[in-house]
Amino acid sequence: MLNGVFQRPYFNNNNNLVKKKQDEEKNASSAAQREQQADQNSKSKGLQYVENNNSPRQEQQVDWRQMRSQIQAQAKNAQTAPKTEETVPTKTLSGRSTVINIAQILKDFRNTAAAIGTPDNLKEEVEGYLNLVEKQVTKDNANTKLVKSNLKNASSILDGYISETLNKDSKVVENWVDALFLQQIDFKYNEGEINPQFLVKFPEGSTQQEEKVENKTVETVQEPIEKEIQTDAKVVSLIPQDKELKSLFIQSKKLVYANQPEKAIETFNKALIRADEVGDTETKSKIFYEVGRIYDDNSYFAEALKSYNQSIQNTTDNNVKTKAHYSMAQIYDDVNQVKPALDHYFNSISFAGEAENFAAQSTSLTKMGNIFTDMYEQDALNYYSVAEDLASQTENSKVKGFVSSSLGNSYEAFGEPQQALKAYSKAVKHYTDAEAPLKTAQNYAKAADIMVEFSNVDKAKGLLTKAQNFARQTDDINLINEITEKLTSLELL
């Protein structure tokens, strides 16, 4: 089974991996060593065949070195966009526009109000706010603060009605508006500018009059965040409209949870046949992704790569593409095949950017930084820097902790212990906020190791004691024993 997102799958602190290369010959030699390690890994059998003859990466090849600056620019744009008075149209790494015109937002608001059957009195109130927005954006210099404030007020009214109707709290419209505020909004009113990538989706049961709307909203369901990639974006999957397909899909998922992978794949295959019969390509994509995860978890990596690739080919959902590319990157990363791993991490970043999934972007960038750290490339610090900027825009403390902890490992590998200690300190804070005692303990222990090297025994004892307290909140007996042994050794000094 592959390591989790917060573990470095093949970090090796041997001198030959961290020795800086002096010339191109040594660089080639290092790459050859990594390829040899991959060949020796028994779990990677069949991967070379897949890569050469049926490459799972059908998207356009990405030159990650040339596009590094574009990642940094994308992160900078995401940070500054909400403060910009007049936005210049931009594109994502894959060339798709991230600009949405205010006219489209207003139209979507009105369609939303109609779709959920908003009562006339509330609809009139919403329309009042939208009219104020319309007056502003038809001026030469719109007051964007007023525009955003009125949109937030309008979204609050619609969410209030949805919450009352469903008898449960809803912020679906407000979250949609917040996501738009992170985009490049063109405040010059133009009904002719339509960006189809930005559509509001509703939770199951929230739309009462969908058939009355020209662009019918698809019923959706939210799933828990996948364990293999941390993401703040809601993972939304289309519910199969066909009853038989829906039944097969749910049955397959239950078999997965029951740890019956063979039966799950067999049922998923039946679901694939049914998906083809009814022409449901989005559910078909989701099935391929789920099958890929089963193969992945059971170390059938060649089959997993094929399934993930088929998932990408059958979907328009950027979140699915993000996860599938990330999963393929993890497979190659685990067997030290650097180029395909970097390519897939880069594609994951690209699609996560289109979905405004900052946490997923940050995670993949950190993974790339870890690879460059193992190759003793100072460029690793650039990736961590962008990852940290993106993570700061989220409330995801685990992602923040992952970035800081990885940065600490990198500084330690580059012989900068003071910087490593600062990074580990940040990681401890973030993981404590995330209530992740195992990761908190591990980072305290790593900081203690540095203190031992500085011959600061008392400080090392204090850090190890804290590590021990957090480790005892977990069921990791090996970690508890390791920390206890280190404390005992220090007591003898």
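Residues numbered from 1 in each chain as written. Predicted model: local features only at pLDDT ≥ 70, side-chain atom pairs only at ≥ 80, totals over all residues. Heavy atoms only, no water.

Description of the overall build of the protein
Helix and strand content of the protein: 21 helices and four strands. Looking at the protein as a whole, 52% of its 493 residues are labelled buried. Working note: accessible area of the protein is about 24200 Å², and carbon and sulfur atoms make up 46% of it. (Helix = DSSP H or I, 4+ residues; strand = E, 2+ residues; numbered from the N terminus. Buried < 20%, exposed > 50% of the residue type's maximum accessible area, 1.4 Å probe, protein only. Areas by Shrake-Rupley, 256 points an atom, 1.4 Å probe, with all protein chains shown as cover.)

Description of unusual backbone geometry
What you tend to see is this: most non-glycine residues have negative phi, and most peptide bonds are trans. We note that Asn336 has phi near 65°; this positive angle belongs to a residue other than glycine. Considering the arrangement of structural elements, one finds Asn336 in the loop between α13 (318-334) and α14 (338-354).

Structural notes on the packing of helix α11 (residues 281-297) against helix α12 (residues 301-313)
At a closest axis distance of 8 Å, the pairing of α11 and α12 adopts a crossing angle of 165°. Relative to α12, the element α11 lies roughly antiparallel. In this structure, α11 crosses over α12, and the sense of that crossing is left-handed. Where α11 abuts α12, its residues Ser285, Phe288, Tyr289, Val291, Gly292, Arg293, Tyr295 and Asp296 lie against Phe301, Glu303, Ala304, Ser307, Tyr308, Gln310 and Ser311. (Axes fitted to C-alpha atoms, helices over the stretch in contact; angles between N-to-C directions. Parallel < 35°, antiparallel > 145°, perpendicular 65-115°, else oblique. Left-handed = near helix turned anticlockwise from the far one by under 90°. Contact = heavy atoms within 4.5 Å.)

Let's talk about helix α9 (residues 243-257)
In an α-helix there are 3.6 residues to a turn, and that puts residues three or four apart on one side. End to end, α9 covers 21 Å across 15 residues, agreeing with the expected 21 Å (1.5 Å per residue, within 8%). Among all positions in α9, only Leu245, Leu248, Phe249, Ser252, Lys253 and Leu255 are buried. Looking straight down α9, one finds that the buried residues subtend no more than 160° of arc, so they occupy a single side. Relative to its buried face, α9 has exposed residues pointing more than 90 degrees away, namely Lys243, Lys254 and Tyr257. Contacts made by the buried residues of α9 are with α10 (261-278) and α11. The opening residue of α9, the one whose side-chain oxygen lies 3.2 Å from the backbone nitrogen of Glu244, is Asp242. Trailing α9 by a residue or two, Asn259 shows a phi angle of about 60°, which is positive. (Expected span 1.5 Å × (residues − 1). Arc of directions from axis to C-beta. Polar contact = N/O pair within 3.5 Å; in protein donor to acceptor, adjacent residues only side chain to side chain.)

Digging into the pattern of salt bridges
In the structure shown here, the tally under the stated rule is 16 salt bridges. Put simply, Arg274 and Asp242 hold a salt bridge, and the shortest N to O gap is 2.8 Å. Here Arg274, found in helix α10, pairs with Asp242, found in the loop between β4 (236-238) and α9; they are 32 residues apart in sequence, far enough to count as distant. For Asp449, the salt bridge goes to Lys486, with nearest N and O atoms at 3.1 Å. Remark: Lys486 occurs in helix α21 (residues 477-491) and Asp449 occurs in helix α19 (residues 437-453); sequence separation between them is 37 residues. For Asp449, a relative accessible area of 30% puts it in the partly exposed group. Overlapping salt bridges, with partners in common, bring together Asp242, Glu244, Arg274 and Glu277 in one network. (Salt bridge = Lys/Arg side-chain N within 4 Å of Asp/Glu carboxyl O.)

As for the side chain of Thr394
Along the chain, Thr394 turns up in the loop between α16 (380-391) and α17 (397-413). Residue classification places Thr394 among the buried residues on the basis of a relative accessible area of 3%. Within the structure, the side chain of Thr394 is placed 2.8 Å from the backbone oxygen of Ala391, a separation counted as a polar contact.

A few points about the confidence of the model for the protein
Summing up the model confidence of the protein, the mean pLDDT is 74 and the portion of residues at 70 or higher is 69%. Between residues 1-68, whose pLDDT stays under 50, and residues either more than four places distant or in other chains, the model counts 127 contacts. Contacts for the low-pLDDT stretch residues 199-238, under 50 throughout, to residues beyond four places or in other chains number 97 contacts. (pLDDT = per-residue confidence, 0-100.)

What about the packing of aromatic side chains?
Counted by the stated rule, this structure contains seven aromatic pairs. Look at Tyr376 and Phe414: their rings are 4.8 Å apart centre to centre, the planes differ by 80°, and that puts the pair in the edge-to-face class. Taken together, the residues Tyr376 in the loop between α15 (358-374) and α16 and Phe414 in the loop between α17 and α18 (417-433) connect sequence positions 38 residues apart. Overall, Tyr376 belongs to the buried group, its relative accessible area being 17%. According to the relative accessible area criterion, Phe414 is buried, its value standing at 7%. (Phe/Tyr/Trp six-rings, centres within 6.5 Å; stacked < 30°, edge-to-face > 60°.)

Topic: the nonpolar core
One finds Tyr308, Tyr345, Leu365, Met368, Ile371, Leu464 and Ile483 to be the most contacted residues of the largest nonpolar core, which totals 60 residues. Contact partners of Tyr308, with chain neighbours within four places excluded, come to Tyr289, Gly292, Arg293, Asp296, Ala324, Ser327, Met328 and Ile331. By size, the runner-up hydrophobic cluster in this structure holds 24 residues, among which are Leu106, Leu151, Ile162 and Val177. (Core = buried A, V, L, I, M, F, W, Y, C linked by side-chain atoms within 4.5 Å.)

A closer look at the environment of Ile100
Structurally, the position occupied by Ile100 is in strand β1 (residues 99-101). For Ile100, a relative accessible area of 0% translates into the label buried. Separated by 80 residues in sequence, Ile100 and Leu180 have C-alpha atoms that sit 8.0 Å apart.

Some words on the packing of α15 against α16
Between α15 and α16, the least distance of the axes is 8 Å, while the angle of their chain directions is 165°. When the interaxial angle is binned, α15 and α16 end up roughly antiparallel. In this structure, α15 meets α16 at a crossing whose hand is left-handed. Together, Phe358, Gln361, Ser362, Leu365, Thr366, Met368, Gly369, Asn370, Phe372 and Thr373 of α15 and Ala380, Tyr383, Tyr384, Val386, Ala387, Leu390 and Ala391 of α16 make up the contact between the two elements. Here the residues of the contact of α15 with α16 are counted per class, giving eleven nonpolar, six polar and no charged. (Nonpolar A, V, L, I, M, F, W, Y, C, P; charged D, E, K, R; others polar.)

Comments concerning the environment of Ile483
Position of Ile483 relative to the elements: it lies in helix α21. On the basis of relative accessible area, Ile483 is assigned to the buried category, the value being 2%. The spatial distance from the C-alpha of Ile483 to the C-alpha of Thr465 is 8.3 Å, given a sequence separation of 18 residues. Residue contacts for Ile483: discarding those within four places in its chain leaves Leu464, Ala467, Gln468 and Ala471.

Description of α21
Here α21 spans 21 Å end to end across 15 residues, near enough to the 21 Å set by a 1.5 Å rise per residue. Of the residues making up α21, those classed as buried are Leu479, Ile480, Ile483, Leu487 and Leu490. The buried residues of α21 occupy an angular sector of 100° when projected down its axis, which confines them to one face. Residues Ile477, Asn478 and Glu485 are exposed on α21 and point more than 90 degrees away from its buried face. Here the buried face of α21 lies against α19 and α20 (457-471). The N-cap residue of α21 is Asp476: its side-chain oxygen and the backbone nitrogen of Asn478 are 3.3 Å apart.

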